[in-house]
Amino acid sequence: MADVAQLAGVSSQTVSRVSNGDAAVVEATRKRVLDAMKELGYRPNSAARALKRGDFRAIGVITMGLTSTGNIRTLDAIAGSAARAGYAVTLIPLDAPTQENVKGAFTRLDELAVDAVVLIMEVHLLDTAALTLPPHVKVVMVDSDATDFPVVDTDQRQGARAAVRHLLDLGHDTVWHVAGPEESFAAGRRAEAWEEALRAEGRAVPPALRGDWTPQSGYEAGLRLAAEPGCTAVFVANDQMALGLLRAFHDRGVRVPEDVSVVGFDDIPEAASFIPPLTTVHQDFAQVGEWCVDAILRELAGETVTGVRLVPTTLVERHSTAPPASRVRDN
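Position numbers for residues count from 1 along each chain, tracking the sequence in the order it is written. Two thresholds apply to this predicted model, a pLDDT of at least 70 for residue-level local features and 80 or more for giving and counting side-chain atom pairs, whereas whole-chain, interface and lining totals are computed over all residues. The side-chain values count all of the structure's non-hydrogen atoms but skip hydrogen atoms and water molecules.

Undergrad: Now, about the packing of helix H7 (residues 156–169) against helix H8 (residues 185–200): what can you tell me, with residues and values included?
TA: A fitted line through C-alpha atoms serves as each axis, taken over the contacting stretch for helices, and the angle formed by two N-to-C directions is quoted from 0 to 180°. A run of H or I in DSSP counts as a helix once it spans at least four residues, and a run of E counts as a strand once it spans at least two, with each numbered from the N terminus. Put simply, H7 and H8 touch, their axes get as near as 8 Å, and they point 40° apart. Comparing their axes, H8 and H7 come out oblique. Crossing handedness for the pair H7 and H8: right-handed. When H7 is examined against H8, the residues Gln156, Arg157, Ala160, Arg161, Val164 and Leu168 are found in contact with a partner set consisting of Ala186, Arg189, Arg190, Glu192, Ala193, Trp194, Glu196, Ala197 and Leu198. Taken together, the residues that form the contact of H7 with H8 break down as eight nonpolar, one polar and six charged. Roughly parallel refers to an angle under 35 degrees, roughly antiparallel to one over 145, roughly perpendicular to one between 65 and 115, and oblique to any angle outside these ranges. Left-handed describes a crossing whose near helix is turned anticlockwise from the far helix through less than a right angle; right-handed describes the clockwise counterpart. Any two residues whose heavy atoms approach within 4.5 Å at even a single point are treated as in contact. Asp, Glu, Lys and Arg are counted as charged, while Ala, Val, Leu, Ile, Met, Phe, Trp, Tyr, Cys and Pro are counted as nonpolar; the rest, among them Gly, fall into the polar class.

What follows is the structure, encoded as structure tokens:
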């Protein structure tokens, strides 16, 4: 800084004001300082500036793993939105959803100096009924049932209801369901909304099959459903399991959508290239990321942020759904 000040013919305080974007600096002086910085290769020490201001321009993200499509796309959305706001992201993945691991992650992020934390919860903790977080940390949670912190999520229930409504409107008597893992908040909400939508229409509720988000678990569920004579429509809790289900139906000679209609959830980029292209529920992960960062910035500005903010979902109709064969014959 002293070298820049000497070359530009100004004081070190003026160099500091230019570095911090002080609008009171005369434009001609600012240009001399910036030219001197460029000539000398000077860059402000962001760590030192952060310590001085107590503002690190960094957001910590704790996630329960990076194997699921939802977690990866949510993290990508948060990172992109944070970058546009001028913040870096520090990631701490957890190998198991336990209170001790969450506590350790917050300790690590405190050492790494972040301004706030986004916690992608996704699943219930294994070792306690309620999550306890450090009281001094500004936190926004994703995909959680927390009540003491602001929560951002996609509207899982709305998406599941739209999937069921679409299949019933096509003329199917009921809709079978391949659910996600029991510990998942999202899987639970989708399964509950599926059942509620059927009961609201007075339809039979078939037993739900349980998967683990993977194509293999969808394949195994598909083999079982291929043997169900009354199954003409299936709502699958994610697109990866729907992919496995489609393969199982193909292997068993079950035609989609002529024999069975299939709706997925997520709208992964590959969904439009499935055979047939998959009707699915689209989640706007970019909006989730923007809303998370917006909530963080509002908290950092001193605003009290509470409640749950749900990003709407939309049904994307492709070629994996159609009226049931019996209705086509009747027409």
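Having seen the structure, we can now continue with the description.
Undergrad: Can you explain the packing of aromatic side chains? Please cite residues and give values.
TA: In this description, an aromatic ring pair is defined by two values, namely the gap between the centres and the angle between the planes. We call Phe, Tyr and Trp rings a pair once their centres come within 6.5 Å, taking the six-membered ring for Trp, and we label the pair stacked below 30 degrees between planes, edge-to-face above 60, and tilted otherwise. Under the counting rule described, the total for this entry stands at one aromatic pair. Geometrically, the ring pair formed by Phe235 and Phe265 is tilted, given 6.3 Å between the ring centres and 50° between the ring planes. Pair noted here: Phe235 is in strand S8 (residues 233–236) and Phe265 is in strand S9 (residues 261–266), with a separation of 30 residues, a long-range link. When the ring centre of Phe265 is taken as reference, the NZ or CZ atom of Arg190 above it lies at 3.9 Å. Charge-over-ring contacts are defined here by two conditions on Lys NZ or Arg CZ: a distance within 6 Å of the ring centre and an angle within 35 degrees of the ring normal.

Undergrad: Residue-level account of helix H2 (residues 12–19), with values.
TA: For H2, every residue scored as buried is listed here: Thr14, Val15, Val18 and Ser19. Mapping the buried residues of H2 onto a view down its axis gives an arc of 140°, with all of them on the same face. Gly21 sits one or two residues past H2 and shows a positive phi near 75°. Categorising residues by exposure relies on relative accessible area from a 1.4 Å probe, with only protein chains included: less than 20% of the type maximum marks a residue as buried, more than 50% marks it as exposed, and the intermediate range marks it as partly exposed. It is the directions from the helix axis to the C-beta atoms that the arc portrays.

Undergrad: Summarise helix H10 (residues 239–251); cite the residues concerned and give the values.
TA: Expected span, for any helix, means 1.5 Å times one less than how many residues it has. For H10, built from 13 residues, the straight-helix expectation of 18 Å at 1.5 Å per residue is met to within 8% by its first-to-last C-alpha distance of 18 Å. Against the buried residues of H10 lie strand S6 (176–179), helix H9 (215–226), S8, S9 and strand S10 (279–282). Of the residues one or two after H10, Gly253 is the one with positive phi, at around 75°.

Undergrad: Can you lay out the packing of H9 against H10 for me, pointing to particular residues and giving the numbers?
TA: Where H9 contacts H10, the two axes come as close as 6 Å, and the packing angle between them is 40°. It follows from the interaxial angle that H9 and H10 lie oblique. Where H9 crosses over H10, the handedness of that crossing is right-handed. Along its contact with H9, which presents Pro215, Ser217, Gly218, Tyr219, Ala221, Gly222, Leu223, Leu225 and Ala226, the element H10 presents Gln240, Met241, Gly244, Leu245, Arg247, Ala248, Phe249 and Asp251. The residue inventory of the contact of H9 with H10, partitioned by class, reads 10 nonpolar, five polar and two charged.

Undergrad: Before we move on, can you summarise the side chain of Ser144 with the specific residues and values?
TA: Inspection of the secondary structure puts Ser144 in the loop between strand S4 (139–142) and strand S5 (151–154). Apart from the residues within four sequence positions on either side, Ser144 is in contact with Met121, Val151, Phe185 and Arg189.

Undergrad: Describe in detail the pattern of salt bridges, supporting the description with residues and values.
TA: Basic side-chain nitrogens of Lys or Arg form a salt bridge, by our definition, when they fall within 4 Å of a carboxyl oxygen of Asp or Glu. Evaluation of the coordinates by the stated rule reveals 17 salt bridges. In this structure, Glu303 engages Arg298 in a salt bridge whose closest nitrogen and oxygen atoms are separated by 3.1 Å. Of the residues examined, Arg298 reaches a relative accessible area of 28% and is grouped as partly exposed. Residues participating in the shared-partner salt-bridge network are Asp294, Arg298, Glu303 and Arg309.

Undergrad: Please give an account of the sheet that holds strand S3 (residues 116–120) that cites residues and values.
TA: A pair of strands is labelled paired if DSSP reports no fewer than 2 bridges between them. Ordered in space as S2-S1-S3-S4-S5-S11, the six strands form an open sheet in which the pairing is parallel. Whereas interior strands pair on both sides, the edge strands pair on one side only; in this sheet they are strand S2 (88–93) and strand S11 (308–311). Between one strand axis and the next, the sheet turns through 20° on average, direction left out of account. With four bridges joining them, S3 and S4 adopt parallel strand pairing.

Undergrad: Any chance you could break down a nonpolar patch on the surface for me, citing the residues and the numbers?
TA: Together, Leu66, Ile72 and Leu91 give the surface a local cluster of nonpolar side chains, amounting to about 220 Å² of exposed area. Within the secondary structure layout, Leu91 lies in strand S2. Exposure above 30% relative accessible area and no salt bridge define the residues that can form patches, which grow by joining like charges within 9 Å and nonpolar side chains of Val, Leu, Ile, Met, Phe, Trp and Tyr within 5 Å. Here the open area of atoms and residues is found with the Shrake-Rupley method and a 1.4 Å probe, where only the protein chains shown may cover a residue.

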